[in-house]
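# Breakdown of the fold
Listed here are the chains, written in short residue letters.
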Protein chains: 4
Amino acid sequence: MSIEKMISEHPDVAATGQYNEALALAVRHAMHCAAICNSCADACLAEEMEMRQCIRLCLDCSDVCTATYRVATRRTGSNPELVRATLAVCIQACELCEAECAKHDDPHCRRCAQMCRECAGDCRRALETLN
Amino acid sequence: MSIEKMISEHPDVAATGQYNEALALAVRHAMHCAAICNSCADACLAEEMEMRQCIRLCLDCSDVCTATYRVATRRTGSNPELVRATLAVCIQACELCEAECAKHDDPHCRRCAQMCRECAGDCRRALETLN
Amino acid sequence: MSIEKMISEHPDVAATGQYNEALALAVRHAMHCAAICNSCADACLAEEMEMRQCIRLCLDCSDVCTATYRVATRRTGSNPELVRATLAVCIQACELCEAECAKHDDPHCRRCAQMCRECAGDCRRALETLN
Amino acid sequence: MSIEKMISEHPDVAATGQYNEALALAVRHAMHCAAICNSCADACLAEEMEMRQCIRLCLDCSDVCTATYRVATRRTGSNPELVRATLAVCIQACELCEAECAKHDDPHCRRCAQMCRECAGDCRRALETLN
């Protein structure tokens, strides 16, 4: 099941043929990143080590990714300024979370860091198509 | 990038080997269903037809799926009663949304109905492993 | 600024005069409880004591309260079965979180326990009006 | 029940006496604005008029306000760059939503426009304290 295909089937997107593939990919990865960061915060909470800062950044990143993918999904009406602004803040959230997770050697932090890096990259590419 | 692998790497899951695959699949599909329903509500809003009831059920289903996948992801500590209760309400939300989307012949409603059916089925199978 | 007044101004509510005050109060308190539980999880994370179970229940309760207040707010179309089901799961989430927070003597847990108790009570009264 | 008091009782805030009242007020109003915008989108959907653009902006604003209040609530660890960035995007979301709602004469849009204006003002004042 693909959120990208779903977006491509939106009446206005289908009618105009203006499907933004880079933006749809950013939506998909921000959706995944919201879930991965929520899970990493939970996994960090179970670690023996002091992981407060990592939990904080994961929770923040999950919240921002959730808002970003929901806003960037919508194609009815028009809100380009806010789509750009949320993508930009999502890049920040992901880069900050990636930098923190990259300090830790457990599998969930490594996976989360990779997800954040990919999500930041996709949001950056999507942002370039919108300027 | 897989939310299931992420959950399997949780310290307590990895230590005990008690990875619930059915529950992890329900998490993944509830995450997707939250995004698909959010997108379907937006696509329905662009249709010429009267789609109010469908938009309402899609928005409600998206909210419930979001809560469900986040709660069902967590493995630190223990909250089995609430995991079961959220899975049960997610099944209801998905069945109600599926029944409404199945009335409409546009591609996004067909896709959303299929997603809701799959998510309800996965939540039901996950629920069976938790009783 | 009042979410209850907002709901009472919904076109269908204003037209029919069918404003459910108990349900609107449950919406307001579930909104507050979502925020209070999010804050309590964060405050528990800063404590010296082992607070994992409390953080887990607060995060879960915050997610369920968020879904509940959003679903229970909507008056366009009709989804009574799901409104009842989300109120019921919100009562469970709040009671579980209250019981855990009540074990701790710090001010944020005491406040969170009180909020959860009030929210559960309001959801129960709202549920009675819907049967 | 007050989210501001809750934040003031966070162990690190209570220990240092560094309670940022402007930021706590922004949290409270972003929480309310998330709920009011969710309700306004639902009320607009019931209107006879074409309200698609208003629904879009209300849904987007609700999502951004939710992320903002959750991120800006947290006091464990430190993420000042992201708190500032989310407050800034919240100001944008609120101003865009306010401008659209102000075009409509129904009570729910008037109330939503006022809420968005207040929230944008509070986020701006909070942002000033963080630079």
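The shown structure was predicted, so the numbers you read here are calculated from the model rather than taken from an experiment.

### Focus: the interface of chain A and chain B
When the parts of a complex come together, some accessible area is lost, and that lost area is often taken as the interface size. On the chain B side, the residues contacting the 37 residues of chain A number 37 residues. When chain A packs against chain B, the two sides together hide about 3,500 Å² of surface, and 61% of this comes from carbon and sulfur. Residue B:Glu9 is joined to A:Arg111 by a salt bridge in which the shortest nitrogen-to-oxygen separation is 2.6 Å. Along the contact surface separating chain A from chain B lie 12 residue pairs in polar contact (both at pLDDT 80 or more). Breaking the side of chain A that touches chain B down by element, the ones donating at least two residues are helix 1 (3-8), helix 2 (11-16), helix 3 (21-46), helix 4 (52-73) and helix 6 (107-129) of chain A.

### Description of the interface of chain D and chain A
Each partner contributes residues to the interface: chain D has 26 residues there, and chain A has 26 residues. For the chain D and chain A pair, buried surface summed over both sides reaches about 2,400 Å², with 56% attributable to carbon and sulfur atoms. It is D:Arg56, D:Asp63 and D:Arg74 in chain D that bury the most area against chain A; as a group they hold 25% of the surface buried on that side. One salt bridge connects D:Arg74 with A:Asp60, and the closest N-O pair in it is separated by 2.6 Å. At the level of elements, helix 4 (52-73) and helix 5 (80-101) of chain D are the ones that each hand at least two residues to the side of chain D that touches chain A. A per-element tally of the side of chain D that touches chain A places helix 4 of chain D first, with 11 residues.

### Here's the deal with the environment of A:Asp42
As for its position among the elements, A:Asp42 is in helix 3. Given the relative accessible area of 4%, A:Asp42 is considered buried. In this structure, the C-alpha to C-alpha distance between A:Asp42 and A:Cys58, residues 16 residues apart in sequence, is 9.2 Å. In contact with A:Asp42, not counting residues within four places along its chain, are B:His10, B:Thr73, B:Arg74, B:Arg75 and B:Thr76.

### Comments concerning the pattern of salt bridges
Residue and element names in this part refer to chain A. If you walk through the whole model with that rule in mind, you get 48 salt bridges over all chains. Here Asp-105 ties to Arg-110 by a salt bridge, and the two come within 3.2 Å at their closest N and O atoms. Given a relative accessible area of 64%, Asp-105 falls into the exposed group. A residue is classified by how much of its surface remains accessible, and Arg-110, at 44% relative accessible area, is partly exposed.

### Section: the relation of the copies chain A and chain B
When chain A is brought onto chain B, the operation consists of a screw motion whose angular component is 180 degrees and whose axial shift is 0.0 Å, with 0.0 Å RMSD remaining. In the structure described here, the two chain copies are related by an operation that fits a two-fold rotation axis. For chain A, the smallest separation between a C-alpha atom and the rotation axis is recorded for A:Met31, amounting to 3.8 Å. Most of the interface of chain A is mirrored in chain B: 100% of its interface residues are interface residues there too.

### Side note on the relation of the copies chain D and chain A
For these two chains of identical sequence, chain D goes onto chain A by a turn of 180 degrees and a shift of 0.0 Å along the axis, with RMSD 0.0 Å. Of the residues that chain D buries at the interface, 100% are likewise interface residues in chain A, meaning the two copies contact each other through the same surface.

### A word on the packing of helix 5 (residues 80-101) of chain C against helix 6 (residues 107-129) of chain C
All names here are of chain C. Where helix 5 meets helix 6, the axes come as close as 8 Å, and the angle between the chain directions of the two elements is 155 degrees. Classified by the angle between their axes, helix 5 and helix 6 sit roughly antiparallel to one another. By crossing handedness, the relation of helix 5 to helix 6 is classed as left-handed. Contact residues: helix 5 offers Arg-84, Leu-87, Ala-88, Cys-90, Ile-91, Cys-94, Glu-95, Cys-97, Glu-98 and Cys-101, while helix 6 offers Cys-109, Cys-112, Ala-113, Cys-116, Arg-117, Cys-119, Ala-120, Cys-123, Arg-124, Ala-126 and Leu-127. Residues of the contact of helix 5 with helix 6, tallied by class, amount to 16 nonpolar, no polar and 5 charged.

Thresholds, definitions, all that
- Position numbers for residues start from 1 in each chain and track the written sequence from start to end.
- Written order determines the labels here, with chains lettered from A and ligands numbered from 1.
- For this predicted model, a pLDDT threshold of at least 70 governs which residues receive local features, and a threshold of 80 or more governs which side-chain atom pairs are given and counted, while totals over whole chains, interfaces and linings are taken from all residues.
- Water and hydrogen atoms play no part in the side-chain values, which are based on all heavy atoms of the structure.
- Contact between two residues is taken to exist if any of their heavy atoms lie within 4.5 Å; hydrogens are not considered.
- Throughout, the accessible surface (probe 1.4 Å) given up by two parts as they are put together, summed over both, is called the buried area.
- Salt-bridge detection follows one rule: a side-chain nitrogen of Lys or Arg within 4 Å of a carboxyl oxygen of Asp or Glu.
- Contacts described as polar in this section are N or O atom pairs within 3.5 Å, which, within protein, must combine one atom able to donate a hydrogen with one able to accept it, while residues neighboring in sequence count only if both atoms come from side chains.
- Under the scheme used here, helices are H or I runs from DSSP no shorter than 4 residues and strands are E runs no shorter than 2 residues, and both carry numbers assigned from the N terminus.
- Each residue is assigned to one of three classes by its accessible area relative to the maximum for its type, calculated with a 1.4 Å probe on protein chains only: buried under 20%, partly exposed between the two thresholds, exposed over 50%.
- A residue counts toward the fit only if its pLDDT is at least 70 in both copies, and the copies are then superposed by least squares on the C-alpha atoms of those residues.
- Axis lines are fitted to C-alpha atoms, over the contacting stretch for helices. Their N-to-C directions set the angle, which ranges from 0 to 180 degrees.
- Orientation labels follow simple angle bins: below 35 degrees gives roughly parallel, above 145 gives roughly antiparallel, 65 to 115 gives roughly perpendicular, and whatever is left gives oblique.
- Less than a right angle of anticlockwise turn of the near helix away from the far helix marks a crossing as left-handed, whereas a clockwise turn marks it as right-handed.
- Under this grouping Gly is polar, as are all residues other than the nonpolar Ala, Val, Leu, Ile, Met, Phe, Trp, Tyr, Cys and Pro and the charged Asp, Glu, Lys and Arg.

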